[in-house]
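Spelled out from the first residue to the last, the chains are:
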Amino acid sequence: MAPEAAAGPAPATPSPRQFVSGQLKLLPWAVLIGVGSSAVLLGISKLEELVHHLLWQHLPDWLDISPDSGGWIIAVLTAIGLAVGLVVRYAPGHGGPDPATEGLVAPPMTPLMLPGLLLATVLALGGGVSLGPENPITAANIALAWWFGSRVLKNKDVELWVALGAAGTIGAMFGTPVAAALIFSETLTRRAGVSLWDQLLAPLAAGAAGSLTTTLIAAPSLSVTVPPYRGFELVDLVSGTVIVLVATGLGIAGAYAFPALHKWFQSLRNPVLALTAGGLLLGVLGAIGGEITLFKGLDQMRELVAGLDGFSNAKLLLYAVVKLAALILAATCGFRGGRIFPSAFVGVALGCLAHGLVPGIPLGLAIGAGVLGMVLAVTRQGWLSLFLGVVIVGDLSLLPVLCVLVVPGWLLCFGRPPMLITRPAAPLPPTRALPATD
């Protein structure tokens, strides 16, 4: 705090009347951004669905080929890698920044980058790449919110528009504005004289508008169907801790492999070559793991839990390892997408494996602990990990147990790298300039 004080007086704390007046002026725009964020998410999801149906249903039917065959999986993912590589190479803005260097909430990029980013996202997600929509959709909505706020409303507060665009998207994607509040409680910069809750009012409005819009149109759900939790027993802390530590340790191992693989793909120096090679390798992994290890993982985790009796423990371990390898490979070779949903699938598979090895462990507890540990290792966001662990299981009675289990997972993670390529810190620019053309 001392350097800030030396630089000049701190901003004056707004009076109650000024604060209320400012919020009342801001809330309608926050709601508009939330609704718009949901519209972008739903539109991209619809396009992704069309690509999915074309490549994995209609074309195999026309060609009389099984979409589950290893040859088809390898062919489709290699072709998708080539297509995304061409978009990244030739589209204005090259599909946005390197996704391996981007977290869920990042500074705004220029709107000129968005067509390439969204096209690359639709192709990758619809084509079966093991990434989720969260990062590119959030980046697009942050860019649009910043453009609207700075150009139309003439408000140059970058952090405000980043928060509104991100909150609207997170609320729309996770079905509740609470997810946005939890994430911002870890990432939002506190402003002098303003409480964190006061700073969250407008983002909560954006998140609520995004959530309600998506719920009215699409009724999203993140949960799997598991038997109700039987109630807490002391042994749950022991078994849950083991599952969390195993999941966290596996995620940390993946995070250590992340920069080495990224460096290798960067050495190819051509996104078409890197993404085509990445698509081919993803196809080989998909042929090994089967179609259940493709795509972002939400529908697949429900399929996994619903058909649990038909999967051996060896299969569950294979699914977890293949999905984690596919996630790391897809994120390092340049495919546009997020790492949260695929890591949740890995956590679900590990939880199912733990229940299969020790049937006395409640399935909900095992899955919640697996998701908690894996998402924690990948994102380093404790609240988000807890939120997903509870929401995916759909049982609030597990929340107190998971709040205890997050402690050993966090201690294991502390000081170790996340699944992200970090760059030297730089001042926040008003917009990100377009990179130079190759």
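The structure we're discussing is the one just above.
The structure contained in this document is the topic of the report that follows. (Residues numbered from 1 in each chain as written. Predicted model: local features only at pLDDT ≥ 70, side-chain atom pairs only at ≥ 80, totals over all residues. Heavy atoms only, no water.)

1. Some details on the packing of helix H13 (residues 340-357) against helix H14 (residues 363-379)
Taken N-terminus to C-terminus, the directions of H13 and H14 make an angle of 140°; their axes are 7 Å apart at the nearest point. Relative to H14, H13 is oriented oblique. By crossing handedness, the relation of H13 to H14 is classed as right-handed. Taking contact as the criterion, the partners of Ile-340, Ser-343, Ala-344, Val-346, Gly-347, Val-348, Leu-350, Gly-351, Cys-352, Ala-354 and His-355 in H13 are, on H14, Leu-363, Ala-366, Ile-367, Gly-370, Val-371, Met-374, Val-375, Val-378 and Thr-379. Of the residues contributing to the contact of H13 with H14, the split by class is 14 nonpolar, 6 polar and no charged. (Axes fitted to C-alpha atoms, helices over the stretch in contact; angles between N-to-C directions. Helix = DSSP H or I, 4+ residues; strand = E, 2+ residues; numbered from the N terminus. Parallel < 35°, antiparallel > 145°, perpendicular 65-115°, else oblique. Left-handed = near helix turned anticlockwise from the far one by under 90°. Contact = heavy atoms within 4.5 Å. Nonpolar A, V, L, I, M, F, W, Y, C, P; charged D, E, K, R; others polar.)

2. A word on the packing of aromatic side chains
Under the defined criterion, the tally for this structure stands at 6 aromatic pairs. When the ring of Trp-264 is compared with that of Phe-265, the centres are 4.9 Å apart and the planes differ by 70°; the resulting orientation is edge-to-face. Look at Phe-311 and Tyr-319: their rings are 5.6 Å apart centre to centre, the planes differ by 85°, and that puts the pair in the edge-to-face class. Members of the aromatic cluster, each reached through a chain of ring pairs, are Phe-174, Phe-341 and Phe-387. (Phe/Tyr/Trp six-rings, centres within 6.5 Å; stacked < 30°, edge-to-face > 60°.)

3. Side note on the nonpolar core
Counting residues in each nonpolar core, the largest one holds 135 residues, and the members touching the most others are Phe-174, Phe-335, Ile-367 and Leu-388. Aside from chain neighbours lying at most four places away, what touches Phe-335 is Ile-80, Gly-81, Val-84, Pro-99, Ala-124, Val-129, Leu-131, Leu-275, Gly-278, Gly-279, Leu-282 and Ala-330. (Core = buried A, V, L, I, M, F, W, Y, C linked by side-chain atoms within 4.5 Å. Buried < 20%, exposed > 50% of the residue type's maximum accessible area, 1.4 Å probe, protein only.)

4. A word on the pattern of salt bridges
For side chains of opposite charge, pairing can occur when their charged atoms come near one another. In the structure shown here, the tally under the stated rule is 5 salt bridges. Between Asp-236 and Arg-230 there is a salt bridge, and its shortest N-O distance comes to 2.7 Å. Owing to a relative accessible area of 0%, Asp-236 belongs among the buried residues under this scheme. The salt bridge partner of Asp-299 is Arg-302, with a shortest N-O separation of 3.0 Å. (Salt bridge = Lys/Arg side-chain N within 4 Å of Asp/Glu carboxyl O.)

5. Section: helix H12 (residues 313-333)
Relative to the 30 Å expected for 21 residues at 1.5 Å per residue, H12 spans 30 Å between its end C-alpha atoms, a close match to the ideal helical length. Gly-334 occupies a position one or two residues after H12 and carries a positive phi of about 120°. (Expected span 1.5 Å × (residues − 1).)

6. Remarks on helix H5 (residues 134-152)
Here H5 spans 26 Å end to end across 19 residues, near enough to the 27 Å set by a 1.5 Å rise per residue. Counting buried positions along H5 gives 15 out of 19 residues, so the element sits mostly inside the fold. Backbone geometry just after H5 places Lys-154 at a positive phi near 60°.

7. Concerning the side chain of Lys-323
As for its placement among the helices and strands, Lys-323 is situated in helix H12. No salt bridge is formed by the buried Lys-323; its nearest oppositely charged neighbour, Glu-303, is found at 10 Å. Separated by 3.3 Å, the side chains of Lys-323 and Ser-130 make a polar contact. Within the structure, the side chain of Lys-323 is placed 2.5 Å from the backbone oxygen of Phe-295, a separation counted as a polar contact. (Lys, Arg positive; Asp, Glu negative; His and termini not counted. Polar contact = N/O pair within 3.5 Å; in protein donor to acceptor, adjacent residues only side chain to side chain.)

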